[in-house]
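Residue strings, one per chain:
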Amino acid sequence: MSAANLAPQPGPPLWLLAELTYRCPLHCAFCYNPVDFATSGPELSTDDWLRVLREARAAGSVQCGFSGGEPLVRDDLEILVAEAHRLGFYTNLLTSGVGLTAERAAALKAAGLDHIQLSFQDSTRELNDFLSHTRTFDLKQRVAALIKDNGWPMVMNCVIHRLNIDYIDRIIEMAVELGAEYLELANSQYYSWALLNRDQLLPTRDQLERAERITNEYREKYGDRIRIFFVVPDYHEKRPKKCMNGWGNVFLTVTPDGTALPCHTAKMLPGLAFPNVREMGVRDIWYESEGFNRYRGDSWMKDPCRTCPDKEKDLGGCRCQAYMLAGDPAAADPVCDKSPAHGLVVEAVARAEAGAGRSAPLVFRDPAASRRIAAEGG
Amino acid sequence: MSAATATDACPRVSRRFRLQWEEAQNAWVLLYPEGMVKLNQSAGEIMRRCDGSRTVSQIVADLEQAFGASGLADDVAKFLELARAQQWIET
Ligand code: SF4
Ligand code: SF4
């Protein structure tokens, strides 16, 4: 038996993230879809997805998230939810609410959908005044009522960034007014579109501290009525997050064209082939493929991570961030102050403090911009 | 004494959670929006009996019989208190 065979067998892919489509009616400047999404291959068919659901469930997946793009764009969503439910998945729908009619909500309920996470994305491109935009509020109010009427828990999410962080009080109040039981205030992570717009989106330290203070005041004010989670941007930290709870450890993402990934941005990593569910079964993808095995555990690490006493805590952080900033996917995540490339993160924060993004226009996510960026080479 | 530990109360799994046997994990799990709690064996055995029809005394008797044990009442009461604090069960 070789040494590799003696390595502990990873647990099952507990979380299946089904990115059903890259199509989306919105244009978020922090969108987490790849910048070249518009050049992605054809979407998986209904039958492909049904097979993926069955294979993933057989491999031990139990949470299933339907996301996108906007998953409601797919008119087979109800069929997929019904099958996931029948298989024993706990089914989650991550949506902006655009396209959720009373009819579709009722059909999703009948199909066994367990939970909807409603995000605060807006249909207007005016990022900083989206809060006063009545269309946003009307849409969220209508969708929130549908969620309530169907007996789903009310879980809301709002991506936080430099342009809306100063209105955090109004965001929280809006969530309370809509009856949210859980509210996630997730600072933008700097990948994909958000990386393009980093100078404009990264908040300053002062903004962040103020927002955290206000969030705490609201936690005290509302107690159990609404549980508020605040996710800080890792650029303002000195230690990286344990990305995806470990590479190939819990999460299996399947992109619209069927590529299987340990996280939704991993496709950017060079020299690493990721399998496609059209060609390989989920169990083999998870346990046997090179893409999933490459950064599992800690044997791939270099210094400073290799000899670091904290390496089990964060597993060296995010591979994509290491690649994007330090140019090496096996390097320490530059968020870590032990990383030789940490200066790049410090510099990005300093640029934010100096207001470097004030004059540059935001790049909004849309297919035309995506094709242009892809043509320019990513 | 809280309601969950009263011996004539009939605890049941809270509507916020779904209790389910997971073959791949060889365990009972509690599922909720975007999350999961994996229960150890004794927690799973207690939780699966919290169906809203059995009293705490009946649950204890049932467990003692199933596992050929005695004197489980305190352990069960302690667990139910914890489960209630986590809002896993309601009465
Ligand atoms: S982040 Fe915005 S643009 Fe991107 S998929 Fe979600 S709603 Fe659509
Ligand atoms: S050196 Fe590597 S393992 Fe240690 S804290 Fe930094 S990123 Fe984590």
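The model shown is predicted, which means the values in this text are computed figures rather than measured ones.

Moving on, we get to the confidence of the model for chain B. In this model, chain B carries a mean pLDDT of 91, and residues with pLDDT of at least 70 account for 95%. As a predicted assembly, this complex carries a pTM of 0.91 together with an ipTM value of 0.87.

Throughout the structure, instances matching the rule amount to 29 salt bridges over all chains. Here A:Asp337 ties to A:Arg239 by a salt bridge, and the two come within 2.8 Å at their closest N and O atoms. In this pair, A:Asp337 is assigned in the loop between helix H13 (319-326) and helix H14 (342-353) and A:Arg239 in the loop between strand E7 (227-231) and strand E8 (251-254), connecting sequence segments 98 residues apart. On the accessibility criterion, A:Asp337 (35% relative accessible area) is partly exposed. Across the pair B:Glu45 and B:Arg49 runs a salt bridge whose closest N-O atoms are separated by 2.9 Å. For B:Glu45, a relative accessible area of 11% corresponds to the buried category. By relative accessible area, which is 9% here, B:Arg49 ends up buried. One salt-bridge network, in which partners are shared between bridges, spans B:Glu45, B:Arg48, B:Arg49, B:Asp51, B:Arg54 and B:Asp62.

Once that is clear, we can look at the site of ligand 2. Taken together, the neighbourhood of ligand 2 is formed by A:Arg239, A:Pro240, A:Pro304, A:Cys305, A:Cys308, A:Lys311, A:Asp314, A:Gly316, A:Cys336 and A:Lys338. For the shell around ligand 2, the per-class residue count stands at five nonpolar, one polar and four charged.

Here the focus is the state of the cysteines. In a disulfide, the sulfur atoms of two cysteines are held together by a covalent bond. Residue and element names in this part refer to chain A. Using the criterion set out here, one finds zero disulfides over all chains in the structure. The thiol of Cys158 is not disulfide-bonded; the next cysteine sulfur, from Cys28, is found 10.0 Å away. For Cys158, a relative accessible area of 2% translates into the label buried.

What follows is about the UniProt feature "binding site: [4Fe-4S] cluster" (unreviewed entry) in chain A. All names here are of chain A. Per the UniProt annotation, the sites labelled "binding site: [4Fe-4S] cluster" (unreviewed entry) are Cys24, Cys28 and Cys31. Mapped onto the elements, Cys24 comes out in the loop between strand E1 (15-19) and helix H2 (46-58). In this structure Cys24 comes out as partly exposed when scored by relative accessible area, which is 27%. Not counting chain neighbours up to four residues away, the residues in contact with Cys24 comprise Gly69, Glu70 and Arg365. Locating Cys31 in the fold gives a position in the loop between E1 and H2. Relative accessible area serves as the criterion here: at 9%, Cys31 is assigned to the buried category. Once residues within four sequence positions are removed from consideration, Cys31 is found in contact with Tyr191, Ser192, Trp193, Ala194 and Arg365.

Right, let's get into the sheet that holds strand E2 (residues 18-22) of chain B. Residues and elements named next belong to chain B. Taken together, the three strands give an open sheet; going across it, the order is E2-E3-E4, and neighbouring strands pair in antiparallel fashion. Taken across any chain shown, the strands that pair with only one partner, and hence form the sheet edges, are E2 and strand E4 (35-38). On average, each strand axis in the sheet is tilted by 30° relative to the strand beside it, whichever way the strands run. When strand E3 (residues 27-32) meets E4, the two strands line up antiparallel, connected through four bridges.

Our focus in this paragraph is the packing of helix H6 (residues 168-177) of chain A against helix H9 (residues 205-222) of chain A. All names here are of chain A. Two numbers describe how H6 lies on H9: the axes approach to 9 Å, and their chain directions differ by 30°. As summarised for this structure, H6 and H9 are arranged roughly parallel, according to the angle between their axes. Note that H6 runs across H9; the crossing there is right-handed. Here Ile168, Asp169, Ile172, Glu173 and Val176 of H6 lie close against H9, whose contacting residues are Ala211, Ile214, Thr215, Tyr218 and Tyr222. Of the residues in the contact of H6 with H9, the class split is seven nonpolar, one polar and two charged.

Calculation rules
- Chains are numbered independently. Their residues run from 1 in the order of the written sequence.
- Here the convention is simple: chains get letters from A, ligands get numbers from 1, in the order in which they are written.
- At least 70 in pLDDT is required for a residue's local features to be given in this predicted model, at least 80 for side-chain atom pairs to be given and counted, and no such filter applies to totals for whole chains, interfaces and linings, which use all residues.
- Side-chain measures were taken over the full set of non-hydrogen atoms in the model, leaving aside hydrogen atoms and water.
- Every residue carries a pLDDT, the predictor's confidence in it, which falls somewhere between 0 and 100.
- Between Lys or Arg on one side and Asp or Glu on the other, a salt bridge is scored when a side-chain nitrogen of the former is within 4 Å of a carboxyl oxygen of the latter.
- Strands are runs of DSSP state E lasting at least two residues, helices are runs of H or I lasting at least four, and both sets are numbered from the N terminus onward.
- Only protein chains enter the accessibility calculation, which uses a 1.4 Å probe; a residue is then buried when its area is under 20% of its type maximum, exposed when over 50%, and partly exposed in between.
- Note on definitions. A residue lies near a molecule or strand when any single heavy atom of the residue is within 4 Å of it.
- Charged means Asp, Glu, Lys or Arg here, nonpolar means Ala, Val, Leu, Ile, Met, Phe, Trp, Tyr, Cys or Pro, and polar covers whatever is left, Gly included.
- The disulfide criterion is simple: two cysteine sulfur atoms within 2.5 Å.
- UniProt positions are given in the numbering used here, feature names are shortened, and annotations may be inferred rather than shown by experiment.
- It only takes one pair of heavy atoms within 4.5 Å for two residues to be counted as in contact.
- DSSP-based pairing: two strands are paired if at least 2 bridges between them are found.
- To obtain each axis, a line is fitted to C-alpha atoms, and for helices this fit is confined to the stretch in contact; angles are then taken between N-to-C directions over 0 to 180 degrees.
- Between 65 and 115 degrees an angle is taken as roughly perpendicular, under 35 as roughly parallel, over 145 as roughly antiparallel, and anywhere else as oblique.
- Note: crossing handedness is left-handed where the near helix turns anticlockwise from the far helix by less than a right angle, and right-handed where it turns clockwise.

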